[in-house]
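# Report on the structure
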Amino acid sequence: MRIAAYERYGPPEVVAITDRPDPIPREGQVRVLVHAAVVGSSDSAARSGTPWFARLAFGLRAPKRHVLGSEIAGVVDAIGAGVTRFAVGDRVFGATGIDLGGHAEQVIVAESGAVVRLPASVSMADAVAISDGALTALPFLRDGAHVRAGDRVLVNGASGSVGAAAVQLAKHLGAEVIAVCGPAHTELVRSLGADRVIDRTREDFTRARGRYDVIFDAAGKSTFRRCRRALAPRGTYLTTVPSFAIMVQLLTSRIGGKRAVIMFTGLRKDADKVPDLEYLAGARRGGHVPSAHRGGAAARADRGGPSHGRLRAQGRERRADSVAHRDRSG
Ligand SMILES: NC(=O)c1ccc[n+]([C@@H]2O[C@H](COP(=O)([O-])OP(=O)(O)OC[C@H]3O[C@@H](n4cnc5c(N)ncnc54)[C@H](OP(=O)(O)O)[C@@H]3O)[C@@H](O)[C@H]2O)c1
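Values in this document were obtained by computation on a predicted structure and should not be read as measured data. (Residues numbered from 1 in each chain as written. Predicted model: local features only at pLDDT ≥ 70, side-chain atom pairs only at ≥ 80, totals over all residues.)

Looking only at helices and strands, the chain features eleven helices and 13 strands. Across the 330 residues of the chain, 49% fall into the buried class. Of the contacts formed within the chain by residues at least 6 apart in sequence, a portion of 68% connects residues at least 24 apart. (Helix = DSSP H or I, 4+ residues; strand = E, 2+ residues; numbered from the N terminus. Buried ≥ 20, exposed ≤ 12 C-beta atoms within 10 Å, placed from the backbone. Contact = placed C-beta atoms within 7 Å.)

Set out below in structure tokens:
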């Protein structure tokens, strides 16, 4: 099989297409022929080894795993002994987590892994968008902020993979959604269902007072200190990006009733991801969240990348797209 592999941390050029023998599934394992995968922010972190804490997961001096890609959709083409949950020919999708390996023609996953059957009506491209941003946004909104119908939720970084999913999921949960993004993405974000869109270059959302039940900084560009004033009295601030300040604020933020929350969704147990993948696939099948065609990493890769240029900068990884990410079934 062909794989997109790298041996050292560095710019996109460290990734190159190469051949490797087809992997054989062992007992309790499933081999998936990859039809679609994501090139996302976790791949950038694993490829570059930045920020520094990424190396705690991916290897201190050099990457421990050599094939990027943690969200996949495809078809089971071989199973190991004892596998009962899947059969050859099943359409499946899911997340390989820090095992990565999705930027390849075939990937081995555990039968007990974060992989579920994909409804026939959901495309492979939509499926990988689900397992990328939505699998992060859902636990943040549901478990971190306990979003309920009628809540006023602000999503910063609303055009990104996590943010685009958060906009759609917050709407799905019945919230009023205010979405913040760059000027190039306001129409995209409006099309995701946001009730109001703020161009971050024209308006500073943190200047509002007591306005939002939840501020979800999906891009991790703000701080709890800056956002605190804009939160309602018992509001919750969510951020995806760790910092020393947020770790301290996790402990102190209860004072005054406003909370700061950070989660590390990639580190959740596979057993916890499985019901979320099924929930999200069901929501997508019902015509709800999230759609790769309306937002998310898969769509942005297809369109040539967002204006902030991260995907455009990943030349080799985009070439890896053409190996591992083509959607053979639509
Ligand atoms: N904690 C966790 O469990 C977890 C899980 C997944 C991802 N993450 C982290 O979450 C972050 C977002 O991931 P992603 O995959 O959604 O990334 P992404 O697809 O690259 O999206 C990031 C978004 O940030 C926006 N942005 C850029 N500069 C900004 C600024 N100065 N202020 C506000 N927004 C800005 C960009 O949109 P505009 O140009 O339109 O503003 C972009 O769409 C990454 O740092 C990732 O590592 C954390």
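Contact pair helix α3 (residues 124-144) / helix α8 (residues 270-285): the axes reach a minimum separation of 10 Å and the direction vectors enclose 120°. By the angle between their axes, α3 is oblique relative to α8. For the element pair α3 and α8, the recorded crossing hand is right-handed. Together, D126, I130, S131, A134, L135 and L138 of α3 and K273, D276, L277, L280, A281 and R284 of α8 make up the contact between the two elements. Partitioning the contact of α3 with α8 into residue classes produces seven nonpolar, one polar and four charged. (Axes fitted to C-alpha atoms, helices over the stretch in contact; angles between N-to-C directions. Parallel < 35°, antiparallel > 145°, perpendicular 65-115°, else oblique. Left-handed = near helix turned anticlockwise from the far one by under 90°. Nonpolar A, V, L, I, M, F, W, Y, C, P; charged D, E, K, R; others polar.)

On to the site of the ligand. If you check the shell around the ligand, you find 31 residues, and the closest are G160, S161, G182, A219 and T240. Among the elements of the structure, α1 (41-48), α3 and α4 (161-172) are those that each provide at least two residues to the shell around the ligand. The residue inventory of the shell around the ligand, partitioned by class, reads ten nonpolar, 18 polar and three charged. For the shell around the ligand, the two domains that each supply at least three residues are domain 1 (2-130 + 268-324) and domain 2 (134-266). (Near = placed C-beta within 6 Å. Domains from an automatic or database assignment.)

In any sheet, the strands associate via hydrogen bonds between backbone groups, in a parallel or an antiparallel arrangement. One open sheet holds the six strands; their spatial order is β10-β9-β8-β11-β12-β13, and the pairing between them is parallel. The sheet terminates laterally at β10 (196-199) and β13 (259-262), the two strands that pair on one side only. Taking the axes of each pair of neighbouring strands and ignoring which way they run, one obtains an average angle of 15° across the sheet. Its contacts with the sheet place helix α7 (residues 244-252) against β12 (231-239) and β13, and it is angled at close to 130° to β13. (Pairing = 2+ DSSP bridges.)

Moving on, we get to the sheet that holds strand β5 (residues 91-95). Strand order in this open sheet of five strands is β6-β3-β4-β5-β7, and the pairing throughout is antiparallel. Here the strands that pair on one side only, and so sit at the sheet edges, are β6 (106-110) and β7 (114-117). Taking each pair of neighbouring strands and ignoring which way they run, the sheet shows an average axis angle of 40°. In the sheet, β5 pairs with β7 via four bridges, with the strands oriented antiparallel. The residue of β7 that forms the bridge with F93 is V116. Against the sheet, α8 contacts β5 and β7, and its axis sits at roughly 35° relative to β7.

Summary statistics for the chain give a mean pLDDT of 87 and a share of 86% for residues scoring 70 or more. Taken as a whole, residues 293-330 scores under 50 in pLDDT and shows 89 contacts with residues more than four places along the chain or in a different chain. (pLDDT = per-residue confidence, 0-100.)

A word on unusual backbone geometry. Of all residues except glycine, most have a negative phi; of all peptide bonds, most are trans. The omega torsion of the bond from T50 to P51 falls at -5°, within 30 degrees of zero and hence cis. Turning to its location among the elements, P51 is positioned in the loop between α1 and α2 (54-58). Look at H146: it is not a glycine, yet its phi comes out positive at around 50°. For H146, a count of 12 C-beta atoms within 10 Å translates into the label exposed.

What follows is about the pairing of β10. The side chains of a regular strand alternate, first on one face of the sheet and then on the other. Note that strand β9 (residues 176-181) and β10 share four bridges and pair parallel. The residue of β10 that forms the bridge with I178 is R196. Tracing the backbone out of β9, into helix α5 (residues 186-191) and back to the parallel element β10 gives a crossover that is right-handed. (Right-handed = clockwise from strand over helix to strand, strands pointing away.)

This part is about the packing of α3 against α4. The description of two packed helices rests on the angle between their axes and on the distance between the axes. Two elements in contact, α3 and α4, have axes separated by 8 Å at closest approach and are oriented at 55°. With respect to their mutual orientation, α3 and α4 come out oblique. Considering the relative orientation of α3 and α4, their crossing is right-handed. Here D132, G133, A134, T136, A137, L138 and L141 of α3 lie close against α4, whose contacting residues are S161, V162, A164, A165, A166, L169 and A170. A class-by-class count of the residues in the contact of α3 with α4 yields ten nonpolar, three polar and one charged.

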